[in-house]
Amino acid sequence: MWRPIETAPQDGTQIIVCGHYSDDVAIVRWDVRKKDWLCLADGVAVVEYMDDFGTDYSYFSVPSHWQPCPVAMSKQEAA
């Protein structure tokens, strides 16, 4: 179940986020120093992007909701 982003953990825990203006989801963590959500796929801030003309765009909408990442199954559970 999706929860409001304001309730997301900001302690470095990996979470799944989605936004109002995008069908995309991403696995992110809060970076305390940058005060921003960082995408784990590439380590880039979720809403920062610089195009060839120097204009900032969002490549992912500002996260509005989150949910915990699923816990990996142990080998015993998978068998």
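Residues numbered from 1 in each chain as written. Predicted model: local features only at pLDDT ≥ 70, side-chain atom pairs only at ≥ 80, totals over all residues. Heavy atoms only, no water.

Novice: I would appreciate a short explanation of the nonpolar core in the present structure.
Specialist: Generally speaking, nonpolar side chains in soluble globular proteins are found buried as a group. If you look at the biggest cluster of nonpolar residues, it comprises 10 residues: I5, A8, I15, V17, A26, V28, W30, W37, C39 and W66. Elements supplying a minimum of two residues to this core: β2 (15-19), β3 (25-31) and β4 (36-39). A per-element tally of this core places β3 first, with 3 residues. Setting aside residues up to four positions removed in sequence, W30 forms contacts with P9, Q10, G12, K35, D36 and W37. (Core = buried A, V, L, I, M, F, W, Y, C linked by side-chain atoms within 4.5 Å. Buried < 20%, exposed > 50% of the residue type's maximum accessible area, 1.4 Å probe, protein only. Helix = DSSP H or I, 4+ residues; strand = E, 2+ residues; numbered from the N terminus. Contact = heavy atoms within 4.5 Å.)

Novice: Would you mind showing me how to read the environment of C18 here?
Specialist: Here C18 is to be found in strand β2. Put simply, C18 and W66 are 48 residues apart on the chain and 6.4 Å apart in space, counted from C-alpha to C-alpha.

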